[in-house]
Amino acid sequence: MAKSKYEYVRTFEFEDRCLQNCWIVVRLDGRSFHRFTSSHKFEKPNDKRALELMNRSAAAVMEEFRDVSLAYGQSDEYSFILRKNTDLYNRRQSKIMSAINSIFSASYVYYWNTYFEDKKLLYPPSFDARIVLYPTDQNLRDYLSWRQADTHINNLYNTAFWRLISMKGLSNNEAEKVLSGTVSSEKNEILFKECGTNYNNELPIYRKGTVLVRKLVNLPPSKSKKHVICPLHVDIIGDSFWEEYNEILNLKD
Ligand code: DGT
Ligand code: MG
Ligand code: MG
Ligand code: MG
Ligand code: MG
């Protein structure tokens, strides 16, 4: 077919293929969720329904793209890990990142009512996205450790902050003063002594965030096996998770 004289505009497009042999990490983060969570009166510091809605939306991404081998979420963010040798969209960054963001954002709206039956969505939520490439398995594990350590630091602070307000009647400023300059062990102690809360008894989904993995399960009648996406709220910093799910790092093709 003859080319039109307009065809040349394609030469303005640029090559944005992700470097080969690297883990591809796509991280989404809610845009201005400070405002979104307050407009929708999310429970503080954690709204379980909101976290489950995030997990459902992330599972939708994994249902669509088999090359997403793991996802990790906390607060208003989700990270998707694509296997090193994925060929998805010829590894084109903009395609991968925009498709994942779009599936996730549309799912967040689509499933809103499943999780917030009594709450109307007041305006369209949106997410930003970035792609980061990690060349080594250690880099990837350190990335995920960084996100889970962030979950811990924020959740310990937020739990102590809101308990001081709701159980001790402190003002926001007073609670902030009590916590300023404290290290983790001191926050644990304030929670225990002042608020009768053992931090370790808080829900794992709040303390650890959510890891989505694929598990092979038996389907009883036919004894066939099927991959299902499972949410876990476990430590991913230590070695035991990676030993149990060793196929995530060792997948060849
Ligand atoms: P950004 O990401 O720069 O567009 O701005 P934000 O406002 O989204 O800031 P970010 O992502 O650093 O912080 C997430 C906000 O979402 C933060 O204000 C706390 C809020 N948030 C996340 N999960 C929950 C929840 O379960 N309950 C409540 N009440 N707030 C939450
Ligand atoms: Mg942000
Ligand atoms: Mg945000
Ligand atoms: Mg965030
Ligand atoms: Mg098209």
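Below is a summary of the structure that appears in this document. (Residues numbered from 1 in each chain as written. Chains lettered and ligands numbered in written order. Predicted model: local features only at pLDDT ≥ 70, side-chain atom pairs only at ≥ 80, totals over all residues. Heavy atoms only, no water.)

Looking at the site of ligand 1
Here is step 1 of the chain: Surrounding ligand 1, one finds 15 residues, the nearest of these being Asp29, Ser32, Phe33, His34 and Asp47.
Here is step 2 of the chain: Aspartate 29 has a polar side-chain atom sitting 2.7 Å from an oxygen atom of ligand 1.
Here is step 3 of the chain: Between ligand 1 and the protein, one listed contact pairs an oxygen atom with a backbone N or O atom of aspartate 47 at 2.8 Å.
Here is step 4 of the chain: Expressed as a share of its isolated accessible area of 630 Å², the protein-covered part of ligand 1 is 65%.
Here is step 5 of the chain: Comparing atom positions with the cavity grids shows ligand 1 to sit within the largest pocket.
Here is step 6 of the chain: Looking at the shell around ligand 1, the elements with two or more residues in it are strand S1 (23-30) and helix H1 (33-39).
Here is step 7 of the chain: Ranked by the residues each element gives to the shell around ligand 1, the list is headed by H1, at three residues.
Here is step 8 of the chain: Looking at the shell around ligand 1, its residues break down into three nonpolar, six polar and six charged. (Near = heavy atom within 4 Å. Polar contact = N/O pair within 3.5 Å; in protein donor to acceptor, adjacent residues only side chain to side chain. Areas by Shrake-Rupley, 256 points an atom, 1.4 Å probe, with all protein chains shown as cover. 1 Å grid on protein atoms, 1.4 Å probe; cavity = no way out; pocket = protein on both sides within 12 Å on 5 of 7 lines; lining within 4 Å. Sits in = over half its atoms within 2 Å of the grid points. Helix = DSSP H or I, 4+ residues; strand = E, 2+ residues; numbered from the N terminus. Nonpolar A, V, L, I, M, F, W, Y, C, P; charged D, E, K, R; others polar.)

So, the coordination of the magnesium ion (ligand 3)
Here is step 1 of the chain: The coordination sphere of the magnesium ion (ligand 3) contains the protein donors Asp29 (OD), Gly30 (O) and Asp76 (OD), at a distance range of 2.0 to 2.2 Å.
Here is step 2 of the chain: Note that the magnesium ion (ligand 3) binds six donor atoms; their angles at the metal cover 80 to 178°, and the shape is octahedral.
Here is step 3 of the chain: Mapped onto the sequence, the residues coordinating the magnesium ion (ligand 3) show the spacing D-G-x45-D.
Here is step 4 of the chain: Between the magnesium ion (ligand 3) and the magnesium ion (ligand 2), a spacing of 4.1 Å is present. (Donors = N, O, S within 2.8 Å, 3.2 Å for Na, K, Ca; no water. Tetrahedral: all angles 85-135°; square planar, octahedral: opposite > 155°, others 65-115°.)

Quick word on the layout of surface pockets
Here is step 1 of the chain: Counted as a void, the largest pocket has a volume near 740 Å³.
Here is step 2 of the chain: Thr37, Pro45, Asn46, Ser75 and Asn158 are, among the 29 residues lining the largest pocket, the residues nearest its centre.
Here is step 3 of the chain: Sorting the residues of the lining of the largest pocket by element identifies H1, helix H2 (48-64), strand S2 (68-74), helix H5 (137-168) and helix H8 (204-208) as the ones contributing at least two each.
Here is step 4 of the chain: Element by element, the count of residues in the lining of the largest pocket is highest for H5, at five residues.
Here is step 5 of the chain: Looking at the lining of the largest pocket, its residues break down into ten nonpolar, 14 polar and five charged. (Points joined across faces, edges and corners; volume = space filled by probe spheres on them.)

Some points on unusual backbone geometry
Here is step 1 of the chain: Cis geometry marks the peptide bond from lysine 44 to proline 45; its omega dihedral reads 0°.
Here is step 2 of the chain: Secondary-structure assignment places proline 45 in the loop between H1 and H2.
Here is step 3 of the chain: Phi at serine 32 is positive, roughly 50°, even though this residue is not glycine.
Here is step 4 of the chain: Residue position: serine 32 is located in the loop between S1 and H1.
Here is step 5 of the chain: Of the residues examined, serine 32 reaches a relative accessible area of 55% and is grouped as exposed.
Here is step 6 of the chain: Not every positive phi belongs to a glycine, and asparagine 90 is a case in point at roughly 55°.
Here is step 7 of the chain: For asparagine 90, the location among the structural elements is in the loop between strand S3 (77-82) and helix H3 (93-110).
Here is step 8 of the chain: Of the residues examined, asparagine 90 reaches a relative accessible area of 42% and is grouped as partly exposed. (Buried < 20%, exposed > 50% of the residue type's maximum accessible area, 1.4 Å probe, protein only.)

Observations regarding the nonpolar core
Across soluble globular proteins, nonpolar side chains have a tendency to be buried as a group.
Here is step 1 of the chain: Judged by nonpolar contacts, the single largest core of 32 residues is most densely connected at Val26, Phe80, Ile100, Phe104 and Tyr108.
Here is step 2 of the chain: For this core, the elements supplying multiple residues, two or more each, are S1, H1, H2, S2, S3, H3 and strand S4 (127-134).
Here is step 3 of the chain: Counting residues per element, this core draws most heavily on H2, at seven residues.
Here is step 4 of the chain: Once residues within four sequence positions are removed from consideration, phenylalanine 104 is found in contact with Leu28, Met54, Ser57, Ala58, Val61, Tyr78, Phe80 and Phe127. (Core = buried A, V, L, I, M, F, W, Y, C linked by side-chain atoms within 4.5 Å. Contact = heavy atoms within 4.5 Å.)

Section: the packing of H5 against helix H6 (residues 172-179)
Here is step 1 of the chain: At a minimum axis distance of 9 Å, the contact between H5 and H6 shows a crossing angle of 130°. In this view, H5 runs oblique relative to H6, as classed from their interaxial angle. The crossing of H5 and H6 is right-handed. Counting all contacts with H5, which are made through Tyr157, Ala160, Phe161, Leu164 and Ile165, the residues of H6 involved are Asn172, Ala175, Glu176, Val178 and Leu179. (Axes fitted to C-alpha atoms, helices over the stretch in contact; angles between N-to-C directions. Parallel < 35°, antiparallel > 145°, perpendicular 65-115°, else oblique. Left-handed = near helix turned anticlockwise from the far one by under 90°.)

Read these as spatial facts, not as claims about activity.
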